Each structure stands twice: as C-alpha cells, then as structure tokens.
Amino acid sequence: MKMVFRWYGEGNDTVTLPQIKQIPGVEGIVWALHDLPAGEVWPLDRILEVRQLADQHGFHIEVVESVNIHEDIKLGLPTRDGYIDNYKKTIENLGKVGVKVICYNFMPVFDWIRTDLFKELEDGSTALFYEKVKVDSMDPMELVGKIAANPDFTMPGWEPARLKHLSRFFEAYKQVTEEDLWNNLQYFLEQIIPVAEINDIKMAVHPDDPPWSIFGLPRIMTSQENIRRLLKLVDSPSNGVTLCSGSLGVNPNNNLPDMVREFADRIPFAHIRNVRLYENGDFIETSHRAADGTVDICGIVKAYHENGFTGYARPDHGRHIWNEQCRPGYGLYDRALGIMYLWGIWDSLERSKQEVTL
Ligand code: CS2
Ligand code: MN
C-alpha cells in the first residue's frame, strides 16, 4: 500500500507540503490543475511546475485526481470527439512526467453532493452530511434559481464554470438513459484506454457519490455488479476503478471487502474513509475508526492486505477537528489521524503474517 495525500495546490489549500511531509508514510501528493476547465489539454509546462514543487519536498506526483470529463462526452454529443482528443493529449503529457494513475468520474453534472458541509457530531467536530429527504424533495430548478440570484454561489468541489450551465445540462440529460450513459462511457474508454496503455497509465473511475440517481439524473458507478460491467467494457489493466469505501459504503447492500477481493488487480487507487449511515438514509462522515461509522474499515484493509495490495491509497475525506478552518472534508488533522489508523491496521496485519512465516 503506497500512501498518498490529496493536495489542492499552492494558494488553493490550507494544508502545506511541509505539513504533509510530517504525516508518517506519505510518499506522494494527489493533485490536479484545478483551474483548468474540463475538456482542455493540460499543458506540459504547467505539469512540470507541479513536479518541480513536489520534488522540492520529496513527493512523487504519480496520482492525479481528477482529469474531469467534459459534459459533452458524458452526453454523447457529436462534439465529444474533440474533447476526447484533448483527453488523450493530457494522458500523454501526464505520462511524460511519470504519472501512473488518473482518477476520474463519470457522474452527470454533479460530483459529490451533500446537504450540510459542517454538521456537528457528538464530540463537537463537524463533517459533511447528507439529508436524504432534503435531496429527494429538492427541485433542481430551485438550485438553478439560487445560483442565478447569487452569481458568487459556489459549492466546494464543483467547478464554477459548470454551475452556470445547470439548467442547460438538466435539459440535455432528459434524453439520456442509464444505458446511454453506459454506451457513452464505453465509447470514451475504447478510445482512451489504448493511449493509457502506451503511456503506462491506469485509468481509475471513481464511484458515484452517493451511489444512486439524484435529481432524476442517471448514475451508473454504484455497485459491485456495475463495477464488474465497467471492467468488462474494455478488458485491460489500464481500465480500473478508484475503490472509494465512503462513496459506495452509504448503500448497505455494497459489500466493500468483497469488492476488494473481487477487483483486487483492477484497483490502482483506494479511497478509504468511513461514514455513519442512519436508518432513514441520512449519512454523516466520521473518523476512520471502524467503531465510529458503519463501514467495515478493518475488513476492507484486511482484504487489501490479503490480496497483497501494492496500489496507492489515501484517506479521502476527514472531519473538521480542533477548530481547523479548511476546505470541507479536506483538513489536515483528521486525515492525518485516518492515515495513522490505516497504518495501524496494516502494520499489525504485516506483523502477524511475519510471525506465521517465522
Ligand atoms: C471524492 C471525489 O467524494 C469523494 O469521495 O474522492 O470528489 C473524487 O475526488 C471525484 O469524484 C473524482 O473524480
Ligand atoms: Mn473518494
């Protein structure tokens, strides 16, 4: 397990590289050129700047999250071919600096969605929270209206450029079924996977968060069965998955340790985090400790260990603790605690293995 840590870049993150350096066992940063809109080619000189900065602190930049997919590709519009060509050029440029994994998602319009960014937990810390009934009853046009009334409205993790076009997107997706989305994903993968192979890069799709349809939009990266289908769309080691325990884990039917076992050799990147699911379908993000949430973190790490996992892993989100002011879900403290918990499980499993073989 190669530990990495997401970093949003100089001036764009409250966490600094010297701070990350002091978290045990972190070898690389997970990065992106966040200012570039989806669909543009990532220029080599910009990529090299990141490498130089990371080099100064002894970090590798082998994992990128995300190279976002232009909406026209997901919609299957005729204009998609130009954007796919750009994507291929970005893969080539990333290959030149030694990038090994590109995480991306195939969610229409929205990336992750929550109803509260700072919901208080029993201990006074805060975390990202999802109130099911609120999202289920929300009219997406209400959101469009809110954005129109307040041009400064943003959502963390969302590209402002996309927010401006919400109503157009909702209109366009009315025609797109789940099967259409599958076809559009296949079309995209058939073109880019050969380029990824040549450049020694593994593409790793991130599951949908939450893993069900919202606002009537289709969502397909939601379950074990669907990940199995994804891997068969193009049967290549370069077509893989970012197995995110927090995203998939809010559906109690998703058995994460089982997924790790089944997909082991197609998981180049693991996101490991915990959530607490309530009976009414609400959920809140918790510390990584298994007892704090409903995701079987110990079982997941054990499954990775048993399968000799040599891919990259990151703690994904954390709570906001000790009054840290940070990007929602991306503080330093709780993610660092999460890493120590993951190492704790991992190292003790390693030790037991050594004792057995001695
Ligand atoms: C994050 C995602 O919510 C999460 O679990 O890891 O926002 C992730 O960065 C993107 O979906 C990747 O494209
Ligand atoms: Mn994730």
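The structure we're discussing is the one just above.
Residues numbered from 1 in each chain as written. Chains lettered and ligands numbered in written order. Predicted model: local features only at pLDDT ≥ 70, side-chain atom pairs only at ≥ 80, totals over all residues. Heavy atoms only, no water.

Undergrad: Honestly, the state of the cysteines in this entry has me stumped. Any pointers?
TA: Put plainly, a disulfide is one covalent bond tying together the sulfur atoms of two cysteines. This structure, assessed with the given rule, holds zero disulfides. Unpaired in terms of disulfides, Cys 326 finds its nearest cysteine sulfur in Cys 244, a separation of 18 Å. With relative accessibility at 14%, the residue Cys 326 sits in the buried group. (Disulfide = S-S within 2.5 Å. Buried < 20%, exposed > 50% of the residue type's maximum accessible area, 1.4 Å probe, protein only.)

Undergrad: Help me out: how do you make sense of the sheet that holds strand 11 (residues 283-285) in this one?
TA: Backbone-to-backbone hydrogen bonds join strands into a sheet, with any given pair of strands oriented parallel or antiparallel. Pairing in this open sheet of four strands is antiparallel, and the strands run 5-6-11-10 from one edge to the other. For this open sheet the edge positions go to strand 5 (116-120) and strand 10 (275-277), each flanked by a neighbour on one side alone. Averaged over all pairs of adjacent strands, the angle between strand axes in this sheet comes to 35°, irrespective of strand direction. (Pairing = 2+ DSSP bridges. Helix = DSSP H or I, 4+ residues; strand = E, 2+ residues; numbered from the N terminus. Axes fitted to C-alpha atoms, helices over the stretch in contact; angles between N-to-C directions.)

Undergrad: Would you explain the packing of helix 13 (residues 297-306) against helix 14 (residues 333-357) in this entry?
TA: Between two packed helices, both the angle of their axes relative to each other and the distance between the axes serve to describe the pair. Two numbers describe how helix 13 lies on helix 14: the axes approach to 10 Å, and their chain directions differ by 50°. Between helix 13 and helix 14, the angle falls in the class oblique. Along this stretch, helix 13 crosses helix 14, giving a crossing that reads as right-handed. Where helix 13 abuts helix 14, its residues Ile 297, Cys 298, Val 301, Lys 302, Tyr 304 and His 305 lie against Tyr 341, Leu 342, Ile 345, Trp 346, Leu 349, Glu 350 and Lys 353. Tallied by class, the residues present in the contact of helix 13 with helix 14 amount to nine nonpolar, one polar and three charged. (Parallel < 35°, antiparallel > 145°, perpendicular 65-115°, else oblique. Left-handed = near helix turned anticlockwise from the far one by under 90°. Contact = heavy atoms within 4.5 Å. Nonpolar A, V, L, I, M, F, W, Y, C, P; charged D, E, K, R; others polar.)

Undergrad: Mind showing me how you'd approach the environment of Phe 309 here?
TA: Here Phe 309 lies in the loop between helix 13 and strand 12 (312-314). Sequence spacing of Phe 309 and Ile 267 is 42 residues, and the spatial spacing of their C-alpha atoms is 8.7 Å.

Undergrad: Can you walk me through a nonpolar patch on the surface in this structure?
TA: A surface patch of nonpolar side chains, about 330 Å² in accessible area, is lined by Trp 322, Tyr 333 and Leu 337. Tracing the chain through its elements places Tyr 333 in helix 14. (Patch = residues over 30% accessible without salt bridge, like charges linked within 9 Å, V, L, I, M, F, W, Y side chains within 5 Å. Areas by Shrake-Rupley, 256 points an atom, 1.4 Å probe, with all protein chains shown as cover. Salt bridge = Lys/Arg side-chain N within 4 Å of Asp/Glu carboxyl O.)

Undergrad: Help me understand the site of ligand 1, please; the structure alone is not making it clear to me.
TA: Around ligand 1 there are 19 residues in total, and Glu 65, Ser 66, Asn 105, Trp 112 and Arg 273 lie nearest to it. Glu 65 places a side-chain nitrogen or oxygen 2.4 Å from an oxygen atom of ligand 1. Side-chain polar atom of Arg 314 to an oxygen atom of ligand 1: 3.3 Å apart, as the coordinates give it. When the free accessible area of ligand 1 is taken as 340 Å², the share hidden by the protein chains comes to 99%. Its residues placed into classes, the shell around ligand 1 shows six nonpolar, six polar and seven charged. (Near = heavy atom within 4 Å. Polar contact = N/O pair within 3.5 Å; in protein donor to acceptor, adjacent residues only side chain to side chain.)

Undergrad: Explain the coordination of the manganese ion (ligand 2) here, please?
TA: Six octahedral donors around a metal ideally subtend angles of 90 or 180 degrees, whereas four tetrahedral donors ideally subtend 109.5 degrees. Here the manganese ion (ligand 2) is held by His 206 (NE2), Cys 244 (SG), His 271 (ND1) and Asp 316 (OD), and the distances to it run 2.2 to 2.5 Å. Summarised as a motif, the one-chain spacing of the donors to the manganese ion (ligand 2) is H-x37-C-x26-H-x44-D. Here Cys 244, found in strand 8 (residues 239-244), pairs with Asp 316, found in the loop between strand 12 and helix 14; they are 72 residues apart in sequence, far enough to count as distant. Here Cys 244 matches Asp 316 in class, with each residue buried. (Donors = N, O, S within 2.8 Å, 3.2 Å for Na, K, Ca; no water.)

By themselves these figures say nothing about function.
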